[in-house]
Amino acid sequence: MKLGVFLVLFGGRKLEDALDYVASKGLKAVEIGTGGHPGNAHCKPDELLSNPTALKNFKNAVESRGLTISALSCHGNPLHPQKDIAKGFHDDFVKSVELAEKLEVPVVNTFSGCPGDHEDAKYPNWPVAPWPNDFQEILKWQWENKVIPYWTEWGKFAADRNVKVGLELHGGFSVHTPATLLRLREAAGEVIGANLDPSHMWWQGIDPVQAIHILGREGAIHHFHAKDTTIDPVNVNKHGVTDMQDYTNMLDRAWQFRSVGYGHDNKTWADIMSALRLVGYDYVVSIEHEDGLMSVEEGFSKAVQNLQQVLIEEPLGDMWWV
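The protein appears in an unreviewed UniProt entry as Sugar phosphate isomerase/epimerase from Paenibacillus xylanexedens.

Pasting the structure below:
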């Protein structure tokens, strides 16, 4: 496996400066934002798709520093019930897939999206309880009328261009657990897989190692994010894991995102890396920083340091007794 970083961490730097900094830390890959919530500070799909010279220069900027692009990322909600909002996210996805094809990047990361509860809804509706029965009816309508049809069509669009779709299992979206990912994958095809982020597993009460085994046995891990979570043992009993307080209210929140090693120790992260290797994942571990207690540079450096201690970068060799 290779260690990489979600380059939006350094969106305030010019592309070349950000790439130089990443390479100086010994990393091998970058995940680049191309729209949606990550923004496109380092990569303007419209410009690169319309200008072969700009496309060549962009690719050279990455490769000349010994780096590869692990994924293009345009996380958004293409199923948003407000059509103009949905179209913006959808267009970002389409352009990201087209650009990934030209750059020979194998994965585009995004969210599954979350629809409303009927055709004229104004806001997304994320049902997470089986009763009252209204929630089951909403869930059935969403999947049959929105989630499966959209990703069947646009998953094929990506597959036809040799691009895989990495859906981040994130609360608030229709695909947020291993089970929901596999449900969509069964309906829309193997082009659909996970951009698996342990931080979102922990706060939902899911063991990331078991999530890796569940998805990995199906070949359903397309990309991997490295981010940690800490759960406050007091606050979680007050607010529950579905805590709706702002992320900045860190003192009172039930849980919060942390840099790798600051929510769980290196043994836990070593178990995660070993599980990835066991299920045959041999791609990029991409560092993401959303730690409100650390600066970007500090959080990134600490994550690199901790992951370099536990990451298996070389392929497994033959056993001596074989």
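After that view of the structure, there is still more to cover.
Novice: Help me understand the pattern of salt bridges in this model?
Specialist: Where charged atoms from two side chains of opposite charge approach closely, those side chains can pair. Summed over all chains, the structure comprises 14 salt bridges. Each member of the salt-bridge network shares a partner with another, and the members are D197, K227, E288 and E290.

Novice: Sorry, what's going on with the packing of helix α10 (residues 266-278) against helix α11 (residues 296-310) here?
Specialist: If you want to describe how two helices pack, look at the angle between their axes and the distance between the axes. Contact geometry for α10 and α11: axes closest at 9 Å, N-to-C directions at 60 degrees. Relative to α11, the element α10 lies oblique. Crossing of α10 against α11: the hand is right-handed. Contact residues: α10 offers N266, W269, A270 and M273, while α11 offers N306, L307, Q309 and V310. In terms of residue class, the contact of α10 with α11 is made up of five nonpolar, three polar and no charged.

Novice: Sorry if this is basic, but what is going on with helix α6 (residues 178-188) here?
Specialist: Of the residues making up α6, those classed as buried are P178, T180, L181, L184, R185 and A188. What you see down the axis of α6 is that its buried residues fit within an arc of 165 degrees, all on one side. Seen from the buried face of α6, the exposed residues on the opposite side, beyond 90 degrees, are A179 and E186. In this structure, the buried residues of α6 make contact with α5 (134-159), β5 (164-168), β6 (192-196), α7 (198-203), α8 (208-216) and β7 (221-226). Remark: G189 follows α6 within two positions and exhibits a positive phi of approximately 110 degrees.

Novice: In this structure, what is going on with the sheet that holds strand β1 (residues 2-6)? I would like to understand it.
Specialist: The strands making up a sheet associate through backbone hydrogen bonding, with each pair oriented either parallel or antiparallel. Ordered by their spatial adjacency, eight strands build a closed barrel running β1-β2-β3-β4-β5-β6-β7-β10, and the pairing between neighbours is parallel. Strand-to-strand, the axes of this sheet are offset by a mean angle of 30 degrees, without reference to chain direction. Sheet topology places β1 next to strand β2 (residues 29-33); three bridges connect them, and they run parallel. By the bridge assignment for β2, F6 is matched with E31.

Novice: Just to check I follow, could you spell out the packing of helix α3 (residues 52-63) against helix α4 (residues 83-103) for this structure?
Specialist: α4 packs onto α3 with a crossing angle of 70 degrees between their chain directions and a minimal axis gap of 11 Å. Here α3 lies roughly perpendicular to α4, going by the angle between them. Two packed elements cross with a definite hand, and for α3 against α4 that hand is right-handed. Packed against α3, whose contacting residues are L55, F58 and K59, the element α4 presents L99, K102 and L103 at the interface. Residue classes in the contact of α3 with α4 are distributed as four nonpolar, no polar and two charged.

Novice: Looking at this model, I keep getting lost on the packing of aromatic side chains. Mind explaining?
Specialist: By convention here, two paired aromatic rings are described through the distance between centres and the angle between planes. Inspection of every chain in the model, using the stated rule, returns 14 aromatic pairs. Relative to W151, the ring of F93 has its centre 5.3 Å away and its plane inclined at 85 degrees; by these criteria the two rings are edge-to-face. Of this pair, F93 sits in helix α4 while W151 sits in helix α5, placing them 58 residues apart in sequence. Judged by its relative accessible area of 2%, F93 falls in the buried class. Here R13 stacks its cationic end above the ring of Y21, 4.3 Å away from the centre of that ring. Sitting over the face of the ring of W255, R253 holds its NZ or CZ atom 4.5 Å from the ring centroid.

Novice: What is the right way to look at the environment of D265 in this model?
Specialist: Within the fold, D265 resides in the loop between β9 (255-258) and α10. The exposure class of D265 is partly exposed, given its relative accessible area of 45%.

Novice: So what exactly am I meant to see when it comes to unusual backbone geometry here?
Specialist: Peptide bonds are, in most cases, trans, and in most cases residues other than glycine have a negative phi. P132 follows W131 through a cis peptide bond whose omega is 5 degrees. Topologically, P132 is positioned in the loop between β4 (107-110) and α5. The phi dihedral of E104 falls on the positive side, at around 60 degrees, and the residue is not glycine. Assignment of secondary structure puts E104 in the loop between α4 and β4. One non-glycine residue, N162, adopts positive backbone phi at about 60 degrees. Positionally, N162 belongs in the loop between α5 and β5. Note on N162: relative accessible area 67%, which makes it exposed.

Novice: How should I be thinking about the pairing of β6 in this particular structure?
Specialist: Sheet faces and side chains relate simply in a regular strand, where the side chains alternate between the two faces. Of all five residues making up β6, five are buried, and the element is well covered by its neighbours. Summarising the sheet, β5 and β6 pair through four bridges and their orientation is parallel. By the bridge assignment, V165 is partnered in β6 with I192. Between the parallel elements β5 and β6, the chain passes through α6 in a crossover that is right-handed.

What counts, and where the lines are drawn
- Residues numbered from 1 in each chain as written.
- Predicted model: local features only at pLDDT ≥ 70, side-chain atom pairs only at ≥ 80, totals over all residues.
- Heavy atoms only, no water.
- Salt bridge = Lys/Arg side-chain N within 4 Å of Asp/Glu carboxyl O.
- Axes fitted to C-alpha atoms, helices over the stretch in contact; angles between N-to-C directions.
- Helix = DSSP H or I, 4+ residues; strand = E, 2+ residues; numbered from the N terminus.
- Parallel < 35°, antiparallel > 145°, perpendicular 65-115°, else oblique.
- Left-handed = near helix turned anticlockwise from the far one by under 90°.
- Contact = heavy atoms within 4.5 Å.
- Nonpolar A, V, L, I, M, F, W, Y, C, P; charged D, E, K, R; others polar.
- Buried < 20%, exposed > 50% of the residue type's maximum accessible area, 1.4 Å probe, protein only.
- Arc of directions from axis to C-beta.
- Pairing = 2+ DSSP bridges.
- Phe/Tyr/Trp six-rings, centres within 6.5 Å; stacked < 30°, edge-to-face > 60°.
- Lys NZ or Arg CZ within 6 Å of the ring centre and 35° of its normal.
- Right-handed = clockwise from strand over helix to strand, strands pointing away.

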